[in-house]
Amino acid sequence: MRLMDVEPRKPTAKGPAEWFTGEVWIDTIAQGHGSSPMFIAAVHFTPGARTAWHSHAIGQTLYVTEGEGRVQSRGEPIVTIRPGDIVSTPGREWHWHGAAPDHFMTHIAVTEGAAEWGEHISDAEYHADGT
Ligand code: MN
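So, here's what we can say about the structure. (Residues numbered from 1 in each chain as written. Predicted model: local features only at pLDDT ≥ 70, side-chain atom pairs only at ≥ 80, totals over all residues. Heavy atoms only, no water.)

**Brief notes about the overall build of the protein**
Regarding its fold elements, the protein presents one helix and 13 strands. Seen in sequence order, the protein has helices and strands lined up from the N terminus as β-β-β-β-β-β-β-β-β-β-β-β-β-α. Computed over its C-alpha atoms, the radius of gyration of the protein comes to 15 Å, within 12% of the 14 Å expected for a compact globule of 131 residues. Each principal axis of the C-alpha atoms in the protein carries an extent, and together these give about 55 × 30 × 25 Å. The proportion of buried residues among the 131 residues of the protein is 36%. Contacts in the protein between residues far apart in sequence, at least 24 positions, make up 68% of those at least 6 positions apart. Approximately 7600 Å² of the protein is accessible, and the part contributed by carbon and sulfur atoms is 57%. (Helix = DSSP H or I, 4+ residues; strand = E, 2+ residues; numbered from the N terminus. Rg over C-alpha atoms; globule rule 2.2 N^0.38 Å. Buried < 20%, exposed > 50% of the residue type's maximum accessible area, 1.4 Å probe, protein only. Contact = heavy atoms within 4.5 Å. Areas by Shrake-Rupley, 256 points an atom, 1.4 Å probe, with all protein chains shown as cover.)

Right under this line is the structure:
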């Protein structure tokens, strides 16, 4: 019986247009063992790229590793996020995350449970903070 495995990297995948505006690239890091609903990925957003509105069944934690980004919960102001910031979103809270207009942004996403997806973030919504 093998106790541990060093796995080759999976190919980087392009974020699907149904879920993202702009170019987003995803490196899968881990999927939960057995019945664990955890999914861990490094998500790379090009400047101006962002998710659509969405929520996670159980919750999500984002850890920003590079660049500058934006995050917003439904009905709340847009918040700037930078390397070292940790964004914890409870289950079923609608939100989006993405890069700043003029910077790349990478975050590690620790996601639990399936996502429900809504509308894309319009340019007017994305620039609502005046940037
Ligand atoms: Mn999310």
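**A few points about the coordination of the manganese ion**
Around the manganese ion, the protein contributes the donor atoms H54 (NE2), H56 (NE2), Q60 (OE1), H95 (NE2) and H97 (NE2), which lie 2.1 to 2.2 Å from the metal centre. Counting along the primary sequence, the residues that act as donors to the manganese ion give the motif H-x1-H-x3-Q-x34-H-x1-H. Each of the two residues, H56 as well as Q60, counts as buried. (Donors = N, O, S within 2.8 Å, 3.2 Å for Na, K, Ca; no water.)

**Details of the packing of aromatic side chains**
Counted by the stated rule, this structure contains four aromatic pairs. Geometrically, the ring pair formed by W19 and W117 is stacked, given 5.0 Å between the ring centres and 5° between the ring planes. In this pair, W19 is assigned in the loop between β1 (13–14) and β2 (20–21) and W117 in strand β13 (residues 115–117), connecting sequence segments 98 residues apart. Ring geometry for F20 versus F45: centroids 6.2 Å apart, planes at 70°, classification edge-to-face. Separated by 25 residues along the polypeptide, F20 in strand β2 and F45 in strand β4 (residues 38–45) bring together distant segments of the chain. Assessed through its relative accessible area of 1%, F45 is described here as buried. Each residue in the set W19, F20, F45 and W117 is aromatic and connected to the rest through ring pairs, giving one cluster. A cation sits over an aromatic face here: R50 above Y126, 4.4 Å from the ring centre. The ring of W53 carries the charged tip of R74 above its face, separated from the ring centre by 4.3 Å. (Phe/Tyr/Trp six-rings, centres within 6.5 Å; stacked < 30°, edge-to-face > 60°. Lys NZ or Arg CZ within 6 Å of the ring centre and 35° of its normal.)

**Comments concerning the pattern of salt bridges**
Overall, the coordinates contain eight salt bridges when judged by the stated rule. Where R82 meets E68, a salt bridge forms, and the shortest distance between an N and an O atom there is 3.8 Å. With R82 in the loop between β9 (79–81) and β10 (86–90) and E68 in the loop between β7 (59–67) and β8 (69–73), the pair connects residues that are 14 residues apart, well separated along the chain. Connected through shared salt-bridge partners, E68, R70, R82 and D129 make up one network. (Salt bridge = Lys/Arg side-chain N within 4 Å of Asp/Glu carboxyl O.)

**Points about the nonpolar core**
In terms of nonpolar packing, the biggest core is built from 15 residues, with V24, I26, V43, F45, I81 and M105 touching the most fellow members. The element that contributes the greatest number of residues to this core is β4, accounting for three residues. The contact partners of F45, leaving out residues within four places of it in the chain, are F20, E23, V24, R50, T51, H97, G98, A99, F104, M105 and H107. Judged by nonpolar contacts, the second largest core, of five residues, contains I78, W96, I121 and Y126. (Core = buried A, V, L, I, M, F, W, Y, C linked by side-chain atoms within 4.5 Å.)

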